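Residue-level listing of the chains:
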Amino acid sequence: MDSQLPLLAIVVPCYNEEAVLEETTKELTRIMEQLVQEKKISRNSMILYVDDGSKDSTWAIIERKTMDNPFVQGLKLSRNFGHQGALIAGMETADSFADCVITIDADLQDDVQAIYAFIDKYHQGYDLVYGVRNKRETDTFFKRNTALAFYKLMGKMGVHLVPNHADYRLMSKRVLDEFVKYQEENIFIRGIVPLLGFKSAKVYYDRKERFAGESKYPLKKMISFAIDGITSFSIVPIKLVTCIGFFIVMLGALVAAYSLIVWLLNHTISGWTSLMLSIWIIGGMQLIAIGVIGEYIGKIFKETKNRPRYTIERNTTMNIKEKEPMTHG
Ligand code: UDP
Ligand code: MG
């Protein structure tokens, strides 16, 4: 009976989270117990902590919990790989035994009550459930506005994100199977997930403040995260170089006309005209040339990602037996 219930793995990346693990485990265990009771998930479901090379006692706590809490399992990375790396490690590990995976931060800023809604959506047949924040009141003015600007900028660059959705989501086994095919080194998870397709739903929740410990995402990490997001998805910056090149050549033509007129009227010292022409026209042409090379590099960049070209959701030819090749003559 129990074997028919889905096995849920809650993947929790942890970097120096000794201050929150106790409370986090308590909260998540309560939810697990409730879901098992309601016969919505298998009792083999788990909380999978991923220790991302913490320098404090995070791993010691996780290890102890695996012994006295039947839900808790742990994964220890050999060094700090960053939030995204820790998430992927957890998701790929869970992919081999879980039917669905929920990812959530260790500080439980994302409302854990939404997990009930996630699981309900899963049972209704959704393969992908996005946790979306209602409002951003608990964020500082700065973080709220930089985040907003980030979504806008990404949209302009052709990367479509689900606004106000971070990495709090549920993925079914088959979505996860597709996700692990994206083998690119610089992976930006929340950019990839919407590319996967499948039937998805959103669950809205309020984001709380961190109840203990401090943010592991200082401004420096936020900026590098944003740059990573753009450069691993978009070649718009390269195209921009080409555009600027054309613009400067056009401007150069005007400057050239002006310089020639002044030269014809004999108002110049020798050498000025040729200098003006080379600076403007050649400068612009160089930019165009760089842009053209950039276009090719952009193509190479896309090729090296080796992304799947399509994802199949259903296939009615599955039952047709593969044919022997016809022999002629
Ligand atoms: N985290 C991680 N590796 C890192 C930085 C952060 O695994 O190098 C984890 C961290 O333990 C937490 C989650 O990523 O579970 C989000 O971090 P945090 O709450 O500090 O970020 P914020 O909510 O302030 O953006
Ligand atoms: Mg946080």
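Data block above holds the structure.
Not measured: the values here are computed from a predicted model.

(A) Examining the sheet that holds strand β6 (residues 169-172) more closely. Pairing is mixed across the open sheet formed by seven strands, whose spatial order is β3-β2-β1-β4-β6-β5-β7. Where the open sheet ends on each side, the last strands, each with one partner, are β3 (72-76) and β7 (200-205). On average, each strand axis in the sheet is inclined to that of its neighbour by 20 degrees, with strand direction left out of account. Judged from the four bridges that link them, strand β4 (residues 100-103) and β6 form a sheet pairing that is antiparallel. Residue pairing for β6: Cys 100 is matched across the bridge by Ser 172. Contacting β5 (128-133) and β6, helix α7 (residues 189-196) crosses the sheet at an angle of about 45 degrees to β6.

(B) Seen up close, a nonpolar patch on the surface. On the surface, Phe 142, Leu 219, Ile 223 and Ile 227 cluster together to form a nonpolar patch covering roughly 390 Å² of accessible area. Examining the composition of the nonpolar patch, we find that three residues originate from one element, helix α8 (residues 219-231), more than from any other.

(C) Fine view of the site of ligand 1. Taken together, the neighbourhood of ligand 1 is formed by 19 residues, with Glu 17, Asp 52, Asp 107, Ser 215 and Lys 216 sitting nearest. In the environment of ligand 1, a nitrogen atom lies 3.4 Å from a nitrogen or oxygen atom belonging to the backbone of His 83. In this structure, an oxygen atom belonging to ligand 1 sits 2.5 Å away from a side-chain N or O atom of Ser 215. Protein chains shield 95% of the accessible area of ligand 1, which is 530 Å² for the free molecule. Of all the secondary-structure elements, those providing two or more residues to the shell around ligand 1 are β1 (8-14) and α3 (82-95). The residue inventory of the shell around ligand 1, partitioned by class, reads five nonpolar, five polar and nine charged.

Criteria and thresholds
- Residues numbered from 1 in each chain as written.
- Chains lettered and ligands numbered in written order.
- Predicted model: local features only at pLDDT ≥ 70, side-chain atom pairs only at ≥ 80, totals over all residues.
- Heavy atoms only, no water.
- Pairing = 2+ DSSP bridges.
- Helix = DSSP H or I, 4+ residues; strand = E, 2+ residues; numbered from the N terminus.
- Axes fitted to C-alpha atoms, helices over the stretch in contact; angles between N-to-C directions.
- Contact = heavy atoms within 4.5 Å.
- Patch = residues over 30% accessible without salt bridge, like charges linked within 9 Å, V, L, I, M, F, W, Y side chains within 5 Å.
- Areas by Shrake-Rupley, 256 points an atom, 1.4 Å probe, with all protein chains shown as cover.
- Salt bridge = Lys/Arg side-chain N within 4 Å of Asp/Glu carboxyl O.
- Near = heavy atom within 4 Å.
- Polar contact = N/O pair within 3.5 Å; in protein donor to acceptor, adjacent residues only side chain to side chain.
- Nonpolar A, V, L, I, M, F, W, Y, C, P; charged D, E, K, R; others polar.

Keep in mind these numbers describe shape, not what the thing actually does.
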